[in-house]
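Notes for the structure review
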Amino acid sequence: MSIAYLNGIYLPLAEARISPLDRGFLFGDGVYEVIPCHLGRMVGFSLHIERLRSGLNALNIQLGWNTGEWREVCEQLLTRNPGDHLSIYLQVSRGTAQSRGHAYPADIEPTCFGFTMEIAPPPLPDPALAVTYSAITAPDLRWKRCHIKSTSLLGNVMHFNEGLPGGNTETILYNCAGELTEASACNVYVIKNGALATPPLSEQILAGVTRTLLLRILEKDGAIAFAERPVTLEELRGADEVWLTSSTKELAPVTEVDSEPVGNGQVGEVWQRAQGLFSQHRHEHG
Ligand code: PDD
């Protein structure tokens, strides 16, 4: 039975209880993180905690935890839930109020929750073993604060589910200017003639920790040129390779977009090289 953390207590996940008046439940009033952990080592821990803290600040949720306190909870969860490949899910909601009302209540204690989930081992940089993705495209209909990793994920969930009936595993989103934002649960990249481009950070996308790590690793290595710049739908359609990144997938090759093959429809060489670099350096930059 998996062991969860809830407001200072470790207990079996099935026994964890929160009130229906918790604002996370009523309003999606909270933030979360998903931290991957392979063979006992977390990936990007400090970056995840930094982003959690900036989300809490953006929502004006007062929780004075320092990085050491977060680390302690994560390490306790890892000790109590053995496994080679896990993600640690952390969620902080504003807390439970006396009644339902839109105004942020004064004197409310945030609800802090954590548990672990098994995830796949990270990809090996071998095209023959790669898990490939097929995506559809759709206009981005979420809200205008996508840089906050909020638990209000209905917009993302609806987009994710749009592609599933057709056998697609992600939905790549674009804004009114026909520029890519991200995918419903991943950041997005296009590769053309060996060079990589990914949409710049803005309020339209989440600053993915995997994105930050990848760009730091590529910058240090220097072999693959990259740019953070607007990327159009046309570029997506003409790309040699398309990738997604997230904490649980690392670099995920997309071989089909809107039922058309990406490039030659095979996993690309640039992916192989970049995933190889990521596998070597994932613990060094965050
Ligand atoms: N999703 N963009 C969105 C909308 C996301 O939900 C995610 C992550 C990312 C990638 O962020 P990171 O590299 O920090 O995981 C980008 C997580 C894993 C989820 O909600 O399960």
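Note that the structure is a prediction, hence the values are computed from the model and not measured.

**Concerning the site of the ligand**
With respect to spatial proximity, 19 residues lie near the ligand, and among them Tyr-32, Glu-182, Val-209, Thr-210 and Ser-247 are the closest. Note that an oxygen atom of the ligand is positioned 2.7 Å from one of the side-chain N or O atoms of Tyr-32. Burial of the ligand by the protein chains amounts to 88% of its free accessible area of 470 Å². Given that more than half its atoms are within 2 Å of the pocket grid, the ligand belongs to the largest pocket. Taken together, the residues of the shell around the ligand sort by class into 7 nonpolar, 8 polar and 4 charged.

**Quick word on the nonpolar core**
If you look at the biggest cluster of nonpolar residues, it comprises 24 residues, and the most contacted ones within it are Ile-35, Met-42, Trp-70, Ile-88 and Leu-90. Those elements giving two or more residues to this core turn out to be strand E3 (30-38), helix H2 (45-58), helix H3 (67-80) and strand E5 (85-93). A per-element tally of this core places H3 first, with 5 residues. In this structure Met-42 touches Ile-35, Pro-36, Cys-37, Arg-71, Cys-74, Glu-75, Leu-78, Ile-88 and His-283, once residues within four positions along its chain are discounted. One finds Leu-47, Ala-130, Tyr-189 and Leu-277 within the second-largest nonpolar core, a separate group that totals 21 residues.

**Looking at a nonpolar patch on the surface**
Where nonpolar side chains cluster on the molecular surface, the patch consists of Leu-154, Val-157 and Met-158 and spans about 310 Å² of accessible area. The topology assignment puts Met-158 in helix H4 (residues 154-163).

**Points about the sheet that holds strand E4 (residues 41-42)**
Taken in spatial order, the 6 strands make up an open sheet running E2-E1-E6-E5-E3-E4, and their pairing is antiparallel. Where the open sheet ends on each side, the last strands, each with one partner, are strand E2 (9-12) and E4. With 9 bridges connecting them, E3 and E5 associate as antiparallel partners. Paired with Pro-36 across the bridge in E5 is Ser-87. The strands touched by H2 are E3, E4 and E5; relative to E3, the strand with the most contacts, the crossing angle is about 175 degrees. Packing of H3 onto the sheet brings it into contact with strand E1 (3-6), E2, E3, E4, E5 and strand E6 (111-118), and relative to E5 it is tilted by some 135 degrees.

Rules of the game
- Residues numbered from 1 in each chain as written.
- Predicted model: local features only at pLDDT ≥ 70, side-chain atom pairs only at ≥ 80, totals over all residues.
- Heavy atoms only, no water.
- Near = heavy atom within 4 Å.
- Polar contact = N/O pair within 3.5 Å; in protein donor to acceptor, adjacent residues only side chain to side chain.
- Areas by Shrake-Rupley, 256 points an atom, 1.4 Å probe, with all protein chains shown as cover.
- 1 Å grid on protein atoms, 1.4 Å probe; cavity = no way out; pocket = protein on both sides within 12 Å on 5 of 7 lines; lining within 4 Å.
- Sits in = over half its atoms within 2 Å of the grid points.
- Nonpolar A, V, L, I, M, F, W, Y, C, P; charged D, E, K, R; others polar.
- Core = buried A, V, L, I, M, F, W, Y, C linked by side-chain atoms within 4.5 Å.
- Buried < 20%, exposed > 50% of the residue type's maximum accessible area, 1.4 Å probe, protein only.
- Helix = DSSP H or I, 4+ residues; strand = E, 2+ residues; numbered from the N terminus.
- Contact = heavy atoms within 4.5 Å.
- Patch = residues over 30% accessible without salt bridge, like charges linked within 9 Å, V, L, I, M, F, W, Y side chains within 5 Å.
- Salt bridge = Lys/Arg side-chain N within 4 Å of Asp/Glu carboxyl O.
- Pairing = 2+ DSSP bridges.
- Axes fitted to C-alpha atoms, helices over the stretch in contact; angles between N-to-C directions.

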